[in-house]
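# A closer look at the structure
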Amino acid sequence: MRAPVQHLAASSLTSNMATAVVVPLLLLLLLFSSCATLIVDAAGADELNYNVVATSSFKAKAVCEGPRVNSTSAGFTNGVPVTRPHGPCSAAAAAAGVGSSEPSLVDALRWDQQRASYIQRMLSMSVNASMPPKLPPKSPTDKSALKVASTDPVSEFHPGTPKKKNKSSQLSIDPAATDDGGSAGEQTMVLDTASVFPWLQCAPCPVPPCHPQAETLYDPALSSTSGTFSCNSSACRQLGPFANGCANNQCQYRVRYPDGSTTMGTYVSDVMTLTPTRVISKFQFGCSHFAQGRSINTLTVGTMGLGSGSESLVSQGKGSYGNAFSYCIPPTASITGFFLLGVPPVSSSRYVVTPMVKGKLNPALYVVRLQAITVAGQQLSVPPTIFAAGSVMDSRAPITRLPPTAYQALRSAFRSRMTMYRAVPPKEHLDTCYDFTGVSTIRLPKIALVFDRNAAVELDPSGILFDGCLAFTSTSDDRDTGIIGNVQQRTIEVVYDVGGGAMAFRRAAC
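The structure reproduced in this document is the subject of the present report. A quick note: this is a predicted structure, and the numbers were derived from the prediction, not measured.

Another point: the sheet that holds strand E24 (residues 447-451). With antiparallel pairing, the four strands of this open sheet are ordered in space as E18-E17-E24-E25. Sheet topology places strand E18 (378-379) and strand E25 (455-458) at the edges, where each strand pairs with a single neighbour. Taken together, the two bridges between strand E17 (residues 370-375) and E18 define a ladder with antiparallel strand orientation. In the sheet register, Thr 374 faces E18, and the bridge partner there is Gln 379.

This part is about the state of the cysteines. The tally for this structure, following the rule as stated, stands at seven disulfides. Paired by a disulfide, Cys 202 and Cys 287 hold their sulfur atoms 2.3 Å apart. With Cys 202 in the loop between strand E6 (199-201) and strand E7 (227-228) and Cys 287 in strand E11 (residues 278-292), this pair connects stretches of sequence that are 85 residues apart. For the pair shown, Cys 202 and Cys 287 are each scored as buried.

Locating Asp 112 in the fold gives a position in helix H3 (residues 105-123). A relative accessible area of 0% places Asp 112 in the buried class.

Our focus in this paragraph is the pattern of salt bridges. Taken as a whole and assessed by the stated rule, the structure comprises eleven salt bridges. Salt-bridge contacts for Asp 192 lead to Arg 396; the nearest nitrogen and oxygen are separated by 3.4 Å. Linking Asp 192 in strand E5 (residues 187-192) with Arg 396 in the loop between strand E19 (391-393) and strand E20 (400-402), this pair joins segments that are 204 residues apart in sequence. Both residues of the pair, Asp 192 and Arg 396, belong to the buried class. The salt bridge involving Glu 493 is made with Arg 506; its shortest N-O contact spans 2.9 Å. Placement of Glu 493 in strand E30 (residues 493-497) and of Arg 506 in strand E31 (residues 502-506) is noted, with a sequence separation of 13 residues between them. Taken as a pair, Glu 493 and Arg 506 share a single burial class, namely buried. One continuous salt-bridge network, built from bridges that share partners, spans Arg 115, Asp 152, Asp 192, Asp 394 and Arg 396.

Definitions and limits used
- Residues numbered from 1 in each chain as written.
- Predicted model: local features only at pLDDT ≥ 70, side-chain atom pairs only at ≥ 80, totals over all residues.
- Heavy atoms only, no water.
- Pairing = 2+ DSSP bridges.
- Helix = DSSP H or I, 4+ residues; strand = E, 2+ residues; numbered from the N terminus.
- Disulfide = S-S within 2.5 Å.
- Buried < 20%, exposed > 50% of the residue type's maximum accessible area, 1.4 Å probe, protein only.
- Salt bridge = Lys/Arg side-chain N within 4 Å of Asp/Glu carboxyl O.

This is how it looks when you write it as structure tokens:
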């Protein structure tokens, strides 16, 4: 009778043993599944900190693609297109026969060094100071002058009212309307946030001392709304450091930039048309009969000063459009951005905002303060005090300059995430460069600049690489004021709320 009992016991033991084996296996499977899920989630989260970018997207197309973002649907009917001096979207380049030919990298980076030196000189002087030339001006007939400032943002402005047209109608924005003998029509000007004085070349303007321009010279004698200022006029007396005496009882001006570049001529006023709904009736500007130097972009007719000063476009237009302006620099030369005078017609919730820095720095410049930088979602171990000197937001300097401590941390973090690509020797002052030959897509770590009050601005991929190099460099010292260059600003609408003392940013705007 014991055998059956023994059999049942054995059977029960086997069952218990099986259960004892199965339960740990289930636990292991559950544990493995959980770990696998965590790994997948972690990998997915990590991928969110990278952009996979086609290498072809960094190159301009042969034809102008126009705006990448439908700005009209966003309410930007008052915006002026922003292009690059070289490229298929540039009317000035087409007129000059330059086409889409880009200057060499060496030329572009030498201009960047020149512009950075210009900003540092601006920082060392007050807005009303006049600094003697420190560099020999480049000859205006030197063809290499066309190669500087290839990354400059430029826009077309329309001075004057044709005498042969009805006085009630402003100058047409149609380029075909320039052959009526009335006025010059489109005038391509550099958007310069570090200059307060607007000027453009005017007839007569012999070469030299002027530089050749493809667009028709503006001639105030052919405009029914142009005017000059007498020597004792309030406008002339208020020119301050830009005053240059009188000629034939007409007020004369001179702008001498910190690098020695110079423009001078007659101080005039005329209608300035940006768009049919953005018109300044008595815009005051320099009618230049002399323009030489390294800061003068010879593929344009002059400079539209946007700095913080009474002569600038924003100051002259603030009574009608508000004391603010914004622009969006396109990612390549075959795409257009925009420039807007006044407050943008976009909900404020779409912007991040940071205050401008006020203090002993040159008041003509717009300065903000960084507080952190993130690379692939990780904040760099850089104390906020490193950024205490602030950074100039500049429309013309291509490359961003950071305090050495911050730049070295950024470079190290970026390099550690780009080890799958072949590193190559430095290109001028860009020391983190790669060879992407044969590479169709790049896995690029996201970089965000975090400004005061936690205004985090994620850079577009076109704002991270410049000709295959990390588009950042360092200042000479941690105590130096930095520069936020226009490469980093690409595709971002940058709003200068001058009246409110703040700056705002909106990603993917152009």
